[in-house]
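So you can see what is in the structure, the chains are spelled out below.
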Amino acid sequence: MAIQNKHAEWTPTEVKEEMLKKYPAKVARKRASSILINEALSNTTPEIQANVRTIPGIITMRGCTYAGCKGVIMGPTRDIVNLVHGPIGCSFYAWLTRRNQTDAGEAGENYMTYCFSTDMQDSDVIFGGEKKLKAAIQEAYDLFHPKGIAVFATCPVGLIGDDIHAVAKEMKEKFGDCNVFAFSCEGYKGVSQSAGHHIANNQVFKHLVGQNDEKKPGEYKINLLGEYNIGGDGFEIDRILKLCGISNIATFSGNSTYDQFASAHTADLSCVMCHRSINYVADMLETKYGIPWIKVNFIGAEATAKSLRKIGQYFGDKALIDRIEAVIAAEMPAVKAAIADVLPRTQGKTAMLFVGGSRAHHYMELFGELGMKTVSTGYEFGHRDDYEGREVIPNLKVDADSRNIEEIEVEADPDKYAPRKTAEELKALEDGGFEFKDYKGLIPDMDKGTLVIDDLNQYEAEKLVELIKPDLFCAGIKEKYSIQKLGIPMKQLHSYDYGGPYAGFKGAVNFYKEIDRLVNSKVWGYMKAPWQENPELSATYVWE
Amino acid sequence: MLLRHTPKEINERSALVINPAKTCQPIGAMYAALGVHGCLPHSHGSQGCCAYHRSALTKHYKEPISAATSSFTEGASVFGGQANLLQAIENIFTVYEPEVIAVHTTCLSETIGDDIKQIRDKAEKQGLVPKGKHIIYCNTPSYIGSHVTGFSNMVRGMTELAENTGKKNGKVNVIPGWVEPSDMEEIKRIAALMAVPITLFPDTSGVLNGPLSGEYHMFPEGGVTIKELKEAGDAIGTLALGEWCSADAARTLDTRCKVPCKVLDMPFGLKATDRFVDTLRTIAGTSVPEEITRERGQLVDMISDSHQYYYQKKVALYGDPDQLIAMTEFLVSIDMWPTHLVTGTPGKKFEKRIQELTAHLPYEVNVKAGGDMFLLHQWIKNEPVDLLIGNTYGKYIARDEDVPFLRWGFPILDRMGHQYFPTVGYKGGLRLLEKILGLILDRKDRDDSEIQFELTL
């Protein structure tokens, strides 16, 4: 099947060949395995190469482990002082640059507007930075008396061998009323941000989760895992959950606090948004505390409704199920009206999504609601299970880069483990088609003959846009302007171009309007000046 | 309050930096390299550095920023990054076909001690560098200096291409320092008006302020060319604008190619622009055209017309040394009172210069090199100001303390215009004044009672 577009027709095989042909042979071979022409296989999902090393010199979208750890996972927690141990840049670049909104109220603790660094100097690199780190932790404690101080290692810290964990432990014991813990998230570890998510989540699980057994008020207690409150997404989800009477104990980690993490083990269900960044935490919460988990998606109005119904079904309480239906019924008319307004202008348009480790999949829902087709997609730091589904997890190869990311062994907590459902209840749910710990990945939702590309780079992106000419391209800030120079609108799906929220019902309406604005903006018709359209003077000017 | 935990009481900190007024070297090297035509900057380290620098520069310029990385893994960090860099060089020249790759290091590759010159030689020996193409490089350890140091180091790296043929070519090298593409364009305009042939390097105009035309060129038309950089060795002299950003390159060129140099302040404001124009005139042996004198007169006219609103207004500033020195002189020249100054870039010379520029004022200025914005905020809490000048991060202080705020410096993440409208030269001075005046009078219009509210100001 050919990929249709307005100006040209290329078969997916030709597109793939075009993308590869300029590469040195070795690079072409490697990239070929990461570029998948989707086939609709009856029993299995086609295999894609993912979570492998970035090729030096090839301009990648990816960032580093530190970015995934400090920037993504720990960034949104407002009442922990995040102290970066290293030269100044790493802390500077992660200072307010992700749009994690937080609501600390008038007087609540909020350190998210601050940037803390040990500002390592050459003498620290030569003689070791532990002394300076200790002093910096002390100064942060004296100034703010926070509940927690998190220490993040940057590249040189690992190389010179500063023992940040020992320093953290020592300071924690010294203070007594401040939890100090550290993350070995040096930028060179792993192959992308994904390793940093893992390192962060492991430490959160070890040092924070399970500390507060106090029973939180409310019914139908859930954790929302992998939702980072970009542009207020988490606020919209919380609004809907509240309307439904569902209590969100802990969001990992949008608009989060120390205490939310500490109380997460008191919830009765974990709902996983971003599969990539956090599915292993869901597993650990189940193993250690007996909390089952399900995959949800609050991106897209239909997906939101479906996720709410799934939560309702899990708790199985008619009052809750009715309330959820009432909320959906109350919210949907505004959504339907917004779709009816924009659909005539968005229907039939095409989009490409290259973002994140789950967003590229989630946002296909919203484009579907707009009548837009996702013609090519892929993740920046996804793993094979994010593409092909969780069935492949047992077969994933553990390579050298994955091996140096700590896997923590978790077992049932002798005191706090409590199964939330009996084996019979679980079986009854599953027999009724309810799926626990299930994620089928992105590929099954892509049409046959579309291109699924992992770790798409600058060169390939340009080729894709040039050949397939989508109506919209979605990626991050680094990709934004090179795509737009080609006259194709580009939507940032990391930062939302400073808009949002796009989650939930209200978010869906925001997104419809935004996409309508982007794909129908007049500016894309201004590329050529009149004298460029008609350069030849065909006659002398006739004065009126 | 956005910065609700910042106390008024100031306690000395020895180890903890809070809200820095600087970032690390490599981003400066990347920005400088973008000012070379056909150049792909390359970050030799983890890929996160490159991603962060590209993001920050993209957000500031709203333009594509292409740069590559050696994408170190743990193995490379242990065994050295030579294999990664060699592979990167081959891939870059094959896929992106730049004229030149500008390699800068990171704290990672510096800590393990990679020798870039040796790796470059090896790449050349292995035939990975196509004929007529170049690799320039500089060392930018992130744990020394600041982004300003990195900029300076890469500009010095460019001078390695300069050749001294023994025959002067009549041109003047101008090293503009870390200013906007619009500023570089303005410097070229001034030189052209004076009919002085200059080689401006780096030159990001035409690179980072490009048009939208439906075409993407990874290497836009702007930037100083390799040919011009080679010929810089035959120039009659070099004007280095800014001691921190530009002096090193100028002095290196002097040592290597016997091109004499003069270090001036960056031409922000009346007096620094006067010195720039006058020096350029003198070394080129030309006269200043009426048009420039007229532009100067317009700036003086506006100072006189609006002086009452500047007089003794207190200003807090943060940013980079060269910019702050010139801005302080400008503020003093219009009778504003620079009160608190912080740069994150180390160097006691900075404090000394600021003290000299403000010595005649009836108060002692707070100034710190190697300081941070947390300290600046505390100073403001203790001694409030009428205007805050600096990069976008100041908006949190401005809102909390309700201070009018001029965005000036790097990075500006929440406003546009700096790409297109210069603040150097007399025209740039007019724009600075227009902005400062607008901020002060908007505040007056907001705060005046209905009785005092005025039509004409």
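Counting from 1, residues in each chain are numbered in the order their sequence is written. Chains and ligands are labelled sequentially in the order written, the chains with letters from A and the ligands with numbers from 1. Note on the predicted model: pLDDT of at least 70 is required for a residue's local features to be given, and 80 or more for side-chain atom pairs to be given and counted; whole-chain, interface and lining totals, by contrast, use all residues.

**Student:** I keep staring at the overall build of chain B and nothing clicks. Help me out?
**Tutor:** Looking only at helices and strands, chain B has 17 helices and 14 strands in total. Computation of the radius of gyration draws on C-alpha atoms, with the globule rule given as 2.2 Å multiplied by the number of residues to the power 0.38. A globule of 457 residues ought to have a C-alpha radius of gyration of about 23 Å, and chain B, at 23 Å, matches this closely. Exposure classification rests on a simple neighbour count of other C-beta atoms within 10 Å of a residue's own: a residue reaching 20 or more is buried, one at 12 or fewer is exposed, and one in between is partly exposed. C-beta atoms are placed from the backbone. Per-residue burial for chain B yields a buried fraction of 59% across its 457 residues. Think of it this way: build a C-beta for each residue from its backbone, and any pair within 7 Å is a contact. Long-range pairs, those at least 24 residues apart, make up 74% of the contacts in chain B between residues at least 6 apart in sequence. Per the convention used, a helix needs a DSSP run of H or I reaching at least four residues, while a strand needs a run of E reaching at least two, with both numbered from the N terminus.

**Student:** Would you mind going over the overall build of chain A with me for this structure?
**Tutor:** Assigned secondary structure in chain A consists of 22 helices and 14 strands. Taken over the C-alpha trace, chain A has a radius of gyration of 25 Å; the compact-globule value for 544 residues is 24 Å, and the two agree within 12%. Dimensions along the principal axes, computed over C-alpha positions, put chain A at roughly 85 × 65 × 55 Å. With 544 residues in all, chain A has 57% of them scored as buried. Pairs at least 24 apart in sequence give 76% of the contacts found in chain A among residues at least 6 apart.

**Student:** Just to check I follow, could you spell out helix H9 (residues 193–207) of chain A for this structure?
**Tutor:** Since the α-helix advances by 3.6 residues per turn, residues separated by three or four positions end up pointing in the same direction. In this scheme, a helix's expected span is set at 1.5 Å multiplied by one less than its residue total. A rise of 1.5 Å per residue sets the reference length of H9 of chain A, with its 15 residues, at 21 Å; its end C-alpha atoms lie 21 Å apart and thus fit the reference within 8%. Most of H9 of chain A sits out of view: 14 of its 15 residues are buried.

**Student:** I tried to follow the sheet that holds strand E11 (residues 337–343) of chain B on my own but got confused; where do I start?
**Tutor:** One key point about sheets: their strands pair by backbone hydrogen bonds, in either a parallel or an antiparallel sense. All names here are of chain B. DSSP-based pairing: two strands are paired if at least 2 bridges between them are found. Here five strands make up an open sheet; going across it, the order is E12-E11-E10-E13-E14 and the pairing parallel. What marks the edges here is a single partner per strand, and that holds for strand E12 (366–369) and strand E14 (405–407). Each adjacent strand pair in this sheet contributes to an overall mean axis angle of 20°, direction not counted. Pairing between strand E10 (residues 314–319) and E11: six bridges, direction parallel. In this analysis, axes come from line fits to C-alpha atoms, helices being fitted only over the stretch in contact, and the angle between any two N-to-C directions falls in the range 0 to 180 degrees.

**Student:** Looking at this structure, how should I read the interface of chain B and chain A?
**Tutor:** One widely used convention gives an interface's size as the accessible area the parts lose upon coming together. Taken together, the contacts link 61 residues of chain B with 66 residues of chain A. Residue assignment for the side of chain B that touches chain A shows that the elements contributing at least two residues are strand E1 (17–18), helix H2 (47–61), helix H3 (74–79), helix H4 (82–95) and helix H5 (107–112) of chain B. By the bridge criterion, two bridges tie strand E3 (residues 116–117) of chain A to E1 of chain B in an arrangement that is antiparallel. Of the residues in E1 of chain B, the one forming a bridge with serine 117 of chain A is valine 17 of chain B.

**Student:** Would you take a moment to explain unusual backbone geometry for this structure?
**Tutor:** Backbone phi values are negative for most residues with the exception of glycine, while trans is the configuration of most peptide bonds. Each neighbour pair has its own omega, and for phenylalanine 252 of chain A with serine 253 of chain A the value is 0°, a cis peptide bond. Mapped onto the secondary structure, serine 253 of chain A falls in strand E7 (residues 247–253). Phenylalanine 201 of chain B connects to proline 202 of chain B through a cis peptide bond whose omega is -5°. Considering the arrangement of structural elements, one finds proline 202 of chain B in the loop between strand E7 (198–200) and helix H9 (226–231). For histidine 145 of chain A, which is not a glycine, the phi torsion comes out positive at approximately 45°. For histidine 145 of chain A, the position within the fold is in the loop between helix H6 (130–144) and strand E4 (148–153). Exposure remark for histidine 145 of chain A: the 13 C-beta atoms within 10 Å place this residue in the partly exposed category. Unlike most non-glycine residues, asparagine 229 of chain A shows phi in positive territory, near 55°.

**Student:** How do you make sense of helix H10 (residues 243–257) of chain B when you look at a structure like this?
**Tutor:** All names here are of chain B. An ideal rise of 1.5 Å per residue puts 21 Å on 15 residues; H10 measures up with 20 Å between its terminal C-alpha atoms. Every buried residue of H10 is listed here: Glu243, Trp244, Cys245, Ser246, Ala247, Asp248, Ala249, Ala250, Thr252 and Leu253. Those residues of H10 hidden inside the fold are in contact with helix H7 (147–158), strand E6 (172–175), strand E8 (237–241), strand E9 (261–264) and helix H13 (321–333). Lysine 258 sits one or two residues past H10 and shows a positive phi near 60°.

**Student:** I keep staring at the pairing of strand E4 (residues 100–105) of chain B and nothing clicks. Help me out?
**Tutor:** Sheet faces and side chains relate simply in a regular strand, where the side chains alternate between the two faces. All names here are of chain B. Of all six residues in E4, six are buried, a share of seventy percent or more. Neither face of E4 is open: one carries Val100, Ala102 and His104, the other Ile101, Val103 and Thr105, and all of them are buried. The sheet contact formed by strand E2 (residues 39–44) and E4 spans six bridges and is parallel. Counterpart to cysteine 39 in the pairing with E4 is valine 100. Two elements, E4 and strand E5 (residues 134–138), share five bridges in a ladder whose sense is parallel. Note on E5: the bridge partner recorded for valine 103 is tyrosine 137.

**Student:** I'm lost on the nonpolar core in this one. Help?
**Tutor:** The nonpolar side chains of a soluble globular protein tend to be buried, and buried together. The term nonpolar core refers to a group of buried residues, namely Ala, Val, Leu, Ile, Met, Phe, Trp, Tyr and Cys, whose C-beta atoms join them within 7 Å. Among the nonpolar cores identified, the biggest contains 294 residues, and Leu83, Val151, Phe183, Leu353, Phe354 and Cys474 of chain A together with Ala102 of chain B are the most heavily contacted of them. If sequence neighbours within four positions are ignored, cysteine 474 of chain A has contacts with Ala351, Met352, Leu353, Phe354, Val355, Tyr363, Lys491 and Leu493 of chain A. Listed in part, the 11 residues of the second largest apolar core include Val125 and Tyr188 of chain A together with Cys107 and Leu108 of chain B.

**Student:** Looking at this model, I keep getting lost on the confidence of the model for chain B. Mind explaining?
**Tutor:** Per-residue pLDDT for chain B has a mean of 98; in total, 100% of the residues score no lower than 70. For this predicted complex, the interface score ipTM comes out at 0.98, while the overall pTM is 0.97. The quantity known as pLDDT measures the predictor's confidence residue by residue, on a range of 0 to 100.

**Student:** I would appreciate a short explanation of the environment of histidine 383 of chain A in the present structure.
**Tutor:** Following the sequence through the fold, histidine 383 of chain A ends up in the loop between strand E11 (373–378) and helix H16 (384–388). Not counting residues within four places of it along the chain, the set of residues in contact with histidine 383 of chain A comprises Ala50, Asn51, Ser194 and Arg276 of chain A.

**Student:** Just checking my understanding: could you explain the sheet that holds E8 of chain B for this structure?
**Tutor:** Residues and elements named next belong to chain B. Strands sit in the order E7-E6-E8-E9 across an open sheet of four strands; the sheet is parallel. Whereas interior strands pair on both sides, the edge strands pair on one side only; in this sheet they are E7 and E9. Strand-to-strand twist of the sheet, defined as the mean angle between neighbouring strand axes without regard to direction, takes the value 20°. As judged from the four bridges shared by E6 and E8, these two strands associate in the parallel manner. By the bridge assignment for E8, asparagine 173 is matched with threonine 238.

**Student:** Before we go on, may I ask you to explain the packing of helix H11 (residues 269–284) of chain B against H13 of chain B in this structure?
**Tutor:** Each pair of packed helices can be described by the angle between their axes along with the distance between the axes. All names here are of chain B. The contact between H11 and H13 brings their axes to 6 Å, and the two run at 120°. If you check the angle between H11 and H13, you find them oblique. For the pair H11 and H13, contact is made by Gly269, Leu270, Lys271 and Ala272 and by Ala326, Met327, Glu329, Phe330 and Ser333, respectively. Residues are grouped as follows: nonpolar covers Ala, Val, Leu, Ile, Met, Phe, Trp, Tyr, Cys and Pro; charged covers Asp, Glu, Lys and Arg; every other residue, Gly included, is treated as polar. For the contact of H11 with H13, the per-class residue count stands at five nonpolar, two polar and two charged. Any angle that falls under 35 degrees is termed roughly parallel, while one over 145 is termed roughly antiparallel, one within 65 to 115 roughly perpendicular, and all others oblique.

**Student:** Quick question: what am I supposed to make of the domain arrangement of chain B here?
**Tutor:** Residues and elements named next belong to chain B. Residue ranges labeled as domains rest on an automatic or database domain assignment. Partitioning chain B into domains gives domain 1 (25–161), domain 2 (172–291) and domain 3 (306–447). Just the C-alpha atoms count here: the centres of domain 1 and domain 3 sit 33 Å apart. Between domain 1 and domain 3, the contact holds eight residues from the first and 11 residues from the second. Of the residues in the side of domain 1 that touches domain 3, the class split is three nonpolar, three polar and two charged.

**Student:** So what exactly am I meant to see when it comes to the packing of H6 of chain A against helix H8 (residues 164–175) of chain A here?
**Tutor:** Residues and elements named next belong to chain A. Closest axis-to-axis distance for the H6/H8 pair is 10 Å, and the angle between their directions is 35°. H6 and H8 meet at a crossing whose hand is right-handed. On H8, the residues touching Glu130, Leu133, Lys134, Ile137 and Tyr141 of H6 are Ile164, Val167, Met171 and Phe175. Its residues assigned to classes, the contact of H6 with H8 shows seven nonpolar, no polar and two charged. Here a crossing is called left-handed whenever its near helix is offset anticlockwise from the far helix by less than a right angle, and right-handed whenever the offset is clockwise.

**Student:** Help me understand the pairing of E10 of chain B, please; the structure alone is not making it clear to me.
**Tutor:** Residues and elements named next belong to chain B. With five of six residues buried, E10 lies mostly within the body of the structure. Handedness of the E10-H13-E11 crossover: right-handed. Bridge count between E10 and strand E13 (residues 387–390): three bridges; the pairing is parallel. Looking at the pairing, alanine 316 lines up with leucine 388 of E13. By convention a crossover is right-handed if, when the strands point away from the viewer, the path from the first strand over the helix to the second runs clockwise.

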